Amino acid sequence: MVFPRNQWYVAAYGEEVGDGLLARTICGEPIVFYRTRAGDVVALSDRCVHRRFPLSEGHRDGDRLVCGYHGFTYEPDGSCVAVPAQKRIPRTARVPVYPVVEQDSLVWVWIGDGDADPAAIPRAPWLAADGWVVVRGMEPLEARYELLVDNLMDLSHETYLHGGYIGTPEVAETPITTSVDEEAGVVRVSRRMKDVECPPFYANSTGIKGRIDRWQDIEYQPPCLYLLHSRIAPTGLEPAPDGDDSAAFHAEIVYGITPSTETTTFDFWMVARDFALDDPEVTTYLAESNRTVVMQDVVALNLLEKVIATEPEGYQELSINIDTGGLAARRLLQRMTDGS
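Conventions we followed
- Residues numbered from 1 in each chain as written.
- Predicted model: local features only at pLDDT ≥ 70, side-chain atom pairs only at ≥ 80, totals over all residues.
- Heavy atoms only, no water.
- Buried < 20%, exposed > 50% of the residue type's maximum accessible area, 1.4 Å probe, protein only.
- Helix = DSSP H or I, 4+ residues; strand = E, 2+ residues; numbered from the N terminus.
- Core = buried A, V, L, I, M, F, W, Y, C linked by side-chain atoms within 4.5 Å.
- Contact = heavy atoms within 4.5 Å.
- Axes fitted to C-alpha atoms, helices over the stretch in contact; angles between N-to-C directions.
- Left-handed = near helix turned anticlockwise from the far one by under 90°.
- Nonpolar A, V, L, I, M, F, W, Y, C, P; charged D, E, K, R; others polar.
- Parallel < 35°, antiparallel > 145°, perpendicular 65-115°, else oblique.

Draft legend 1. Quick look at helix α1 (residues 145-153). Among the nine residues that make up α1, seven are buried, leaving the element largely enclosed by the rest of the structure. For α1, the set of buried residues is Y145, L147, L148, V149, N151, L152 and M153.

What follows is the structure, given as structure tokens:
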């Protein structure tokens with residue numbers, strides 16, 4: 001499997017993990033998640049040591065997990081405490097345990113060896129902060145995760161793929177600026193648009209009539225977390241000299257880009273907003289509209305994966321100026337993979 005190892009990945013939303021058993025394959029590794037009675041999230045290898053039966057097909061006995069095939073029983077620390085027909089527990093009767101951290105409403109899992117430092121998990125504080133309302137979802141993608149990274153790093157496709165939702169002609173027409181923080185391993189891509197059309201996604205949610213100034217500031221922290229800081233304001237309404245921007249509308253679009261297998265991906269998407277906080281119609285509209293946008297990407301990327309599968313070896317694609325962010329992301333991901 002070609003993935004960056006020794007990395008944190010989004011495994012689930014916090015509300016997805018409860019009393020039941022949640023099975024997810026992440027970076028080729030089958031994992032079962034559940035929450036203890038004390039509220040802690042557990043992540044065990046989803047494969048019994050006896051005959052490899054998925055533990056997610058078993059059941060819970062308190063905080064223990066019982067295999068549904070022969071009854072091997074495991075503690076949250078992965079140790080086996082019961083086997084059929086004998087009292088002696090084999091010394092090797094243990095399943096791997098994955099470090100997990102619940103942060104910003106997300107469940108993060110550490111894939112690989114090395115030092116699982118929680119401080120290395122990138123932040124998305126808007127997802128669990130006062131003054132913000134969040135809509136979210138997850139769509140399985142039948143395509144490699146690198147295609148989703150490429151897609152999100154080059155937003156010019158909004159003009160063509162997402163017209164009628166978030167795309168306007170100016171997105172494709174406006175040049176970008178790209179920077180890379182090599183030490184922190186972060187790629188930033190900015191597109192600042194002045195006096196442009198307001199797309200329906202924002203016009204219908206903010207109530208703005210007429211032209212806008214629109215900022216798209218991408219911050220990608222490989223391998224998993226993508227942030228799009230989106231600012232929308234009536235044309236000419238600039239932030240105050242002291243930085244106050246309370247007259248504008250802000251949306252934090254967050255993606256957890258989690259490889260499942262070499263050609264499948266978990267596409268976690270979230271939209272946090274600081275406006276119309278008490279308006280359930282806006283919440284419903286943004287949830288439905290953003291899922292439509294995500295599904296347009298899913299259809300396109302699934303098709304692209306099929307095209308790539310038929311390509312001759314050594315096929316060369318063409319890159320242009322709008323690809324600088326995506327190419328920088330590819331380079332950082334390759335560096336992570338090579339160093340795993």
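Draft legend 2. Inspection of the nonpolar core at higher detail. In this structure, I26, F33, M153, Y226 and I257 are the most contacted members of the largest nonpolar core, which totals 82 residues. Setting aside its immediate chain neighbours within four residues, Y226 contacts L152, M153, L155, I218, E219, Y220, I253, V254, Y255 and I257. Formed by 14 residues, the second largest nonpolar core is a distinct cluster that contains Y34, V42, L65 and C67.

Draft legend 3. Just the packing of α1 against helix α6 (residues 324-339), in detail. Between α1 and α6, whose axes approach to 8 Å, the crossing angle comes to 145 degrees. Helix-helix and strand crossings are classified by hand; for α1 and α6 the assignment is right-handed. For the pair formed by α1 and α6, the contact residues are Y145, V149, D150 and M153 on the first element and G325, G326, A329, R330 and L333 on the second. Residues of the contact of α1 with α6, tallied by class, amount to five nonpolar, two polar and two charged.

Draft legend 4. Structural view of the packing of α1 against helix α5 (residues 280-309). Close contact between α1 and α5 brings their axes to 10 Å; oriented N to C, the two are set at 130 degrees. With respect to their mutual orientation, α1 and α5 come out oblique. Pair α1 / α5 crosses with right-handed handedness. Here L147, L148 and N151 of α1 lie close against α5, whose contacting residues are D297, L301, L304, E305 and I308. Residues belonging to the contact of α1 with α5 are distributed by class as follows: five nonpolar, one polar and two charged.

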